[in-house]
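# Chains, contacts and geometry: an overview
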Amino acid sequence: MTTPAAQPPRDRALGRGISTLIPQAATTSPAEQAAAVLTAMRSVPVRVGVLQAAAVLLEERVRATGDEAERAAAATTVAMLRSAIGQAG
């Protein structure tokens, strides 16, 4: 009698897949890396509490940074997170 092979936990497999989608070039900015992750994660289920925590942290970043590009990227991400939270119910 044989037993089926153990399946790796989904989050580990998902993590390896996402890491291949994130630009790794030295010229890639953190904002570009974050955008790539957000694109890859668009259809991945995430707990609402995680989205809420991320939104709060990014809202603080919007207030604190003097970098306009960073502020715009963080504000856009906050809007996306708030939209996802609203859609979750």
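Summary of the structure given here.

The computed volume of the largest pocket comes to approximately 470 Å³. Lining the largest pocket we find 15 residues, and of these L38, M41, L51, L81 and A84 sit closest to its centre. For the lining of the largest pocket, the secondary structure elements donating two or more residues are helix 2 (30–41), helix 3 (48–64) and helix 4 (68–88). The biggest single contributor to the lining of the largest pocket is helix 4, with seven residues. Class assignment for the residues of the lining of the largest pocket results in eleven nonpolar, three polar and one charged. What lines the second largest pocket is a set of 21 residues, and nearest its centre among them are A31, A34, A73, A74 and T77. Those elements that provide at least two residues to the lining of the second largest pocket are helix 2, helix 3 and helix 4. In terms of residue count, helix 4 provides more of the lining of the second largest pocket than any other element does, eight residues in total.

Over its 21 residues, helix 4 extends 30 Å from the first C-alpha to the last, a length consistent with the 30 Å expected when each residue adds 1.5 Å. Taken together, the buried positions of helix 4 are A74, T77, V78, L81 and I85. The buried residues of helix 4 all sit within an arc of 110° when viewed along its axis, so they share a single face. Turned more than 90 degrees off the buried face of helix 4, the exposed positions are E68, A69, G86 and Q87. Buried positions along helix 4 lie against helix 2 and helix 3. The residue sitting at the N-terminus of helix 4 and contributing the capping side-chain oxygen is D67; that oxygen lies 2.8 Å from the backbone nitrogen of A69.

Parameters and conventions
- Residues numbered from 1 in each chain as written.
- Predicted model: local features only at pLDDT ≥ 70, side-chain atom pairs only at ≥ 80, totals over all residues.
- Heavy atoms only, no water.
- 1 Å grid on protein atoms, 1.4 Å probe; cavity = no way out; pocket = protein on both sides within 12 Å on 5 of 7 lines; lining within 4 Å.
- Points joined across faces, edges and corners; volume = space filled by probe spheres on them.
- Helix = DSSP H or I, 4+ residues; strand = E, 2+ residues; numbered from the N terminus.
- Nonpolar A, V, L, I, M, F, W, Y, C, P; charged D, E, K, R; others polar.
- Expected span 1.5 Å × (residues − 1).
- Buried < 20%, exposed > 50% of the residue type's maximum accessible area, 1.4 Å probe, protein only.
- Arc of directions from axis to C-beta.
- Contact = heavy atoms within 4.5 Å.
- Polar contact = N/O pair within 3.5 Å; in protein donor to acceptor, adjacent residues only side chain to side chain.

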